[in-house]
Amino acid sequence: DVPLPTASVEKVFEDSQQRLWISKESSGVLRLDQDNTVHKYLTNIGTDPFCISFYEDKKGNILIGTAKHGTLIFNPEKDDFQRIDDKKYSARAFL
């Protein structure tokens, strides 16, 4: 059984590996893998609305655009998101 989000779902995104990324209102992000494993991310940010958009670049990086925390990129080695420093990266680097 896959647990359903207890908060309102804002966005759902399917990546190239057929994983579902689910943004929940004020409750972070869930990733649902093909084997129904659920991963929770960014549960302590609590920004409303949190996720404006999901994006996967041509290298397979998952990015999240947020209302108050800028752009976040998923780091698979750390199994977590990190904020992109806008001074070091341009949006074109991910297209």
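Residues numbered from 1 in each chain as written. Predicted model: local features only at pLDDT ≥ 70, side-chain atom pairs only at ≥ 80, totals over all residues. Heavy atoms only, no water.

Colleague: I keep staring at the sheet that holds strand E8 (residues 80–83) and nothing clicks. Help me out?
Modeller: Strand pairing within a sheet occurs via backbone hydrogen bonds; the two strands may be parallel or antiparallel. Pairing in this open sheet of 4 strands is antiparallel, and the strands run E5-E6-E7-E8 from one edge to the other. On the outer flanks of this sheet lie strand E5 (51–56) and E8, each paired with one strand and no other. Ignoring which end each strand starts from, the neighbouring axes of this sheet average 30 degrees apart. Taken together, the 3 bridges between strand E6 (residues 62–66) and strand E7 (residues 71–75) define a ladder with antiparallel strand orientation. Bridge pairing in E7 places leucine 63 opposite isoleucine 73. (Pairing = 2+ DSSP bridges. Helix = DSSP H or I, 4+ residues; strand = E, 2+ residues; numbered from the N terminus. Axes fitted to C-alpha atoms, helices over the stretch in contact; angles between N-to-C directions.)

Colleague: How should I be thinking about the environment of alanine 67 in this particular structure?
Modeller: If you trace the backbone, alanine 67 turns up in the loop between E6 and E7. Placed 15 residues apart in sequence, alanine 67 and isoleucine 52 show a C-alpha to C-alpha distance of 6.3 Å.

Colleague: Can you help me understand the environment of arginine 31 in this one?
Modeller: Mapped onto the fold, arginine 31 is located in strand E3 (residues 28–32). In this structure arginine 31 comes out as buried when scored by relative accessible area, which is 7%. Expressed as a C-alpha distance, the spacing of arginine 31 and arginine 19, which sit 12 residues apart in the sequence, is 6.7 Å. Of note is the side chain of arginine 31, whose polar atom sits 2.7 Å from the side chain of aspartate 33. A polar atom in the side chain of arginine 31 sits 3.1 Å from the side chain of tyrosine 41. (Buried < 20%, exposed > 50% of the residue type's maximum accessible area, 1.4 Å probe, protein only. Polar contact = N/O pair within 3.5 Å; in protein donor to acceptor, adjacent residues only side chain to side chain.)

Colleague: Sorry if this is basic, but what is going on with the sheet that holds strand E4 (residues 38–41) here?
Modeller: Pairing is antiparallel in the open sheet, where 4 strands are placed in the order E1-E2-E3-E4. The sheet is open, and its two edges are formed by strand E1 (9–14) and E4, each paired on a single side. The mean angle between the axes of side-by-side strands here comes to 20 degrees, regardless of whether they run parallel or antiparallel. Of the pairings in the sheet, the one linking E3 to E4 comprises 4 bridges and is antiparallel in character. Along E4, the bridge assignment pairs arginine 31 with histidine 39.

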